[in-house]
Amino acid sequence: MEWYKIPDLKYTGQTFIKRVKAGGKTICLVGYDNKVFALGAKCPHAGGDLTQGWCKEGKLICPVHRYSYSLETGKGSEGQNDYIDSYPVEIKDDSVYIGISSFWEKFKQAFK
Ligand code: FES
């Protein structure tokens, strides 16, 4: 897994939703409830931009049709049967780092 520092972002506990790039991926970075979450930015339902959404009760809400996804796991709410990718986040000295696994790392883990 490679860790990518997000430039121009100092995290001090604020609430935010921001589109960032890391490891060639477009990520919806969310500061919510004194934690930071990194999730896929594209809604699997019909491609809505999740960085334009909002948070409610621990979920990220898509602005297009209001599907919702767990900030912790990316899992879609009951009845949706979908998910968005979620990535590990580390905070060091107020800087935010996102961990991205390569395709081969994911492949090897799937067949362990
Ligand atoms: S595009 Fe996101 S809920 Fe439909």
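Residues numbered from 1 in each chain as written. Predicted model: local features only at pLDDT ≥ 70, side-chain atom pairs only at ≥ 80, totals over all residues. Heavy atoms only, no water.

*Asks:* I'd like a rundown of the nonpolar core, residues and numbers included.
*Replies:* Membership of the largest hydrophobic core comes to 14 residues, with the highest contact counts inside it found for Ile6, Ile27, Leu29, Val96 and Ile98. Those elements that provide at least two residues to this core are strand 1 (2-10), strand 2 (16-22), strand 3 (25-32), strand 4 (35-40) and strand 10 (95-100). When near neighbours in sequence (up to four residues on either side) are disregarded, Ile27 contacts Lys18, Arg19, Val20, Ala22, Ala38, Leu39, Ala41, Thr51, Tyr87, Ile98 and Ile100. By size, the runner-up hydrophobic cluster in this structure holds 12 residues, among which are Leu39, Cys62, Leu71 and Ile84. (Core = buried A, V, L, I, M, F, W, Y, C linked by side-chain atoms within 4.5 Å. Buried < 20%, exposed > 50% of the residue type's maximum accessible area, 1.4 Å probe, protein only. Helix = DSSP H or I, 4+ residues; strand = E, 2+ residues; numbered from the N terminus. Contact = heavy atoms within 4.5 Å.)

*Asks:* Which residues make up the packing of aromatic side chains, and what are the values?
*Replies:* Within this structure, the stated rule accounts for one aromatic pair. In this structure, Lys92 is placed above the aromatic ring of Tyr97, and the distance from its NZ or CZ to the ring centre is 5.3 Å. (Phe/Tyr/Trp six-rings, centres within 6.5 Å; stacked < 30°, edge-to-face > 60°. Lys NZ or Arg CZ within 6 Å of the ring centre and 35° of its normal.)

*Asks:* Give me the pattern of salt bridges: which residues, what numbers.
*Replies:* Under the counting rule described, the total for this entry stands at three salt bridges. The residue Lys92 makes a salt bridge to Glu90 at a minimum N-O spacing of 3.8 Å. Here Lys92 falls in the partly exposed class, since its relative accessible area comes to 45%. (Salt bridge = Lys/Arg side-chain N within 4 Å of Asp/Glu carboxyl O.)

*Asks:* Tell me about the sheet that holds strand 6 (residues 59-61), and name the residues and values.
*Replies:* Here we have three strands laid out as an open sheet, ordered 5-6-7, and antiparallel in their pairing. Among the strands making up the open sheet, the edge pair consists of strand 5 (54-56) and strand 7 (68-70). The mean inter-strand angle of the sheet, taken between neighbouring strand axes irrespective of direction, is 35°. (Pairing = 2+ DSSP bridges. Axes fitted to C-alpha atoms, helices over the stretch in contact; angles between N-to-C directions.)

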